[in-house]
Amino acid sequence: MAERQSTLPREAVAGLTTFMASAYLVVVIPRLLAGGGMDQAAATTATLMVMALGSLAMGFYANLPFIVGPGIGGAALLGVTLTQVEHLPWQSALGIAMASGVLFTLLTVTGARGWVMRLVPREIKLGLGASIGLFIALLGCRDAGMVAVNAKSNALALGDFTQAGPQMALVGLAVAIALQARAIPGAILAGIAAATAVGAWLGVTHAPDAVLAMPPSLAPVFGQVDWMAAFSIKALPYLFAYFVAEFFSTMGTTLAVGAKAGLTDGDGNLPRIDRPFLVDALAATFGPFMGIPGGTALVESAAGATAGGRTGLVPVTAALCYIGALLATPLAMAIPKQATAPALILVGAGMMGSLRQLSGERLDQTLPPILMLLATLVANSFGTGIAVGLVAYVLVSLLGGRARQVPLGLMLLALPLAYYLYSTATGHR
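Residues numbered from 1 in each chain as written. Predicted model: local features only at pLDDT ≥ 70, side-chain atom pairs only at ≥ 80, totals over all residues. Heavy atoms only, no water.

Student: In this structure, what is going on with the nonpolar core? I would like to understand it.
Tutor: The nonpolar side chains of soluble globular proteins are, as a tendency, buried together. Counting residues in hydrophobic clusters, the biggest one holds 98 residues, and the most contacted among them are Tyr24, Ile72 and Ile96. The element contributing the most residues to this core is helix H7 (residues 122-144), with 9 residues. Those residues within four positions of tyrosine 24 in sequence are excluded, and the remaining contacts are Ile72, Ile188, Leu189, Ile192, Glu300, Ala343 and Val347. Of all hydrophobic cores here, the second largest spans 20 residues; its members include Phe104, Phe243, Leu263 and Ile273. (Core = buried A, V, L, I, M, F, W, Y, C linked by side-chain atoms within 4.5 Å. Buried < 20%, exposed > 50% of the residue type's maximum accessible area, 1.4 Å probe, protein only. Helix = DSSP H or I, 4+ residues; strand = E, 2+ residues; numbered from the N terminus. Contact = heavy atoms within 4.5 Å.)

The structure is reproduced here in structure tokens:
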């Protein structure tokens, strides 16, 4: 603390601030996983335990003010795309997530991260974040009833805003946006609370059986991993999605939050960045074994850095709060999905902001991410969207006479992804 010009009270306040900013995930993540058939109570326990253990590891080993936990993108991929769209058992989806974590760990230990960064084009990275964001935001609108499917035109349409769901979501959005605009920690959590309160008035929210109770058992989800699912052609785009999202989310979060905390050097690099990378890789591996998609450094860590957090005491303090929250699982279970919709909408909309960094000078730079977004929307699957984006990038580059700019590894990856798209389109999966 002396070296980083901080104090114990400041670090403790920063840890509490980080906990408040990330607490909404304890509600949203299990709700998404329950949609795929997982036990919501067990998933809540798993989410809190991974957040606590991962954050403790980040604090004691990396000594950095980053919390670790499951991301909404990974939870949506498991709880919606893989299970509800692709009709995979959730155990198989956990197997794909765990295989991605193992791959991430191997690349971290061997120092091959730079090669992977060069392999994936910048346009695909930007399109990936935006595609996942679009999927998450649309999922939130559907959960709230703000968007529906028009049976006559077989297209998306506005929902009935006279119903309780959209009204709850609108109130939650208004509260969260008002607090976020004023940089008040816990804005999304406050939005969920406001929507839940409105739901109680409208008869949607029901009181929990108890306020405090012993944590639900992990048994329904612990160790339920189907490894073999990761070795199918259907799994390839989702394995890529998990890996790339984890890889670049970690890089972006650590550098951005590290800079906000004043921990980066003159070139914008974070000293000993291999340590938070290793913690993230291990969290991404053991998370699925615990029963959730995996852990990563969360962007909500920025709240603690803004509050003055500079050391590993920030995630350690947050971890103690997650452990204490294990006793409040009944409260989390009582929150309806309509109340968590504002969190999905805001987080998803924020992720789509990556498109602002796209250059419109060449077709091969803009067309692949746009096609990725369109395919995600049409197929209701960002796994399909990622496959379309990567294959389109290779094809557009080749047709445009820019074959030399396409890495050989990317060309090889495009072949099985093209077969995946063919099998998806013809129903031969």
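Next, the rest of the story.
Student: Honestly, the packing of helix H9 (residues 187-202) against helix H15 (residues 337-351) in this entry has me stumped. Any pointers?
Tutor: Helix-helix packing: each pair is described by the crossing angle between the helix axes and the interaxial distance. Interaxial distance between H9 and H15 falls to 7 Å at its minimum, and their mutual angle equals 150 degrees. In this structure, the crossing between H9 and H15 has a hand that is right-handed. Counted together, Ile188, Ile192, Ala195 and Thr196 of H9 and Ala339, Thr340, Ala343, Leu346 and Val347 of H15 form the full contact between these two elements. The class makeup of the residues in the contact of H9 with H15 is 7 nonpolar, 2 polar and no charged. (Axes fitted to C-alpha atoms, helices over the stretch in contact; angles between N-to-C directions. Left-handed = near helix turned anticlockwise from the far one by under 90°. Nonpolar A, V, L, I, M, F, W, Y, C, P; charged D, E, K, R; others polar.)

Student: What's the story with empty space enclosed by the protein in this structure? I'm lost.
Tutor: In this structure the tally under the stated criterion is 1 cavity of 30 Å³ or more. Roughly 30 Å³ of volume is contained in the largest cavity. Listing elements by their share of the lining of the largest cavity, those giving two or more residues are H7 and helix H16 (363-379). Classifying every residue of the lining of the largest cavity by side-chain character gives 4 nonpolar, 2 polar and no charged. (1 Å grid on protein atoms, 1.4 Å probe; cavity = no way out; pocket = protein on both sides within 12 Å on 5 of 7 lines; lining within 4 Å. Points joined across faces, edges and corners; volume = space filled by probe spheres on them.)

Student: How should the confidence of the model for the protein chain be read in this particular structure?
Tutor: As a note on interpretation, predicted positions should not be read in detail where pLDDT is low. Looking at the protein chain as a whole, its pLDDT mean stands at 85, while 94% of the residues score no less than 70. Considering each helix and strand of the protein chain separately, the mean pLDDT is smallest for helix H6 (residues 113-119), with a value of 67, and largest for helix H3 (residues 40-62), with 95. (pLDDT = per-residue confidence, 0-100.)

Student: Where do I start with the layout of surface pockets in this structure?
Tutor: Unoccupied space between atoms shows up once a probe the size of one water molecule is rolled over them. Quantified by volume, the second largest pocket comes out at close to 400 Å³. For the second largest pocket, the lining is made up of 22 residues, of which Val27, Leu189, Leu331, Ala332 and Ile335 are closest to its centre. Of all the secondary-structure elements, those providing two or more residues to the lining of the second largest pocket are helix H2 (25-35), H3, H9 and helix H14 (329-333). If you tally residues by element for the lining of the second largest pocket, the top one is H9, at 5 residues.

Student: Where do I start with the packing of aromatic side chains in this structure?
Tutor: A ring pair, where both rings are aromatic, is described by two values, the distance of the centres and the angle of the planes. The tally for this structure, following the rule as stated, stands at 3 aromatic pairs. One residue, arginine 275, lies across the ring of tyrosine 61, its end atom 4.6 Å from the ring centre. (Phe/Tyr/Trp six-rings, centres within 6.5 Å; stacked < 30°, edge-to-face > 60°. Lys NZ or Arg CZ within 6 Å of the ring centre and 35° of its normal.)

Student: It is not clear to me how the environment of valine 347 should be interpreted in this structure. Could you clarify?
Tutor: Mapped onto the elements of the fold, valine 347 is located in helix H15. Sequence separation between valine 347 and isoleucine 72 is 275 residues; the distance between their C-alpha atoms is 8.2 Å. Residues contacting valine 347, with those up to four places away along its chain left out, are Tyr24, Ile72 and Ile188.

Student: Is there a simple way to think about H2 in this case?
Tutor: An α-helical segment advances 3.6 residues per turn. Residues three or four places apart therefore align on the same side. When you tally the buried positions in H2, you get 8 out of 11 residues, the bulk of the element. Along H2, the residues that are buried comprise Leu25, Val26, Val27, Val28, Ile29, Pro30, Leu32 and Leu33.

Student: Help me understand helix H1 (residues 8-22) in this model?
Tutor: Here H1 is 15 residues long and its end C-alpha atoms lie 21 Å apart, about the 21 Å a rise of 1.5 Å per residue gives. Three or more residues of H1 are buried, namely Glu11, Ala14, Gly15, Thr17, Thr18, Phe19, Ala21 and Ser22. If you follow the buried residues of H1, they end up packed against H2, H3, helix H12 (301-306) and helix H13 (313-325). (Expected span 1.5 Å × (residues − 1).)

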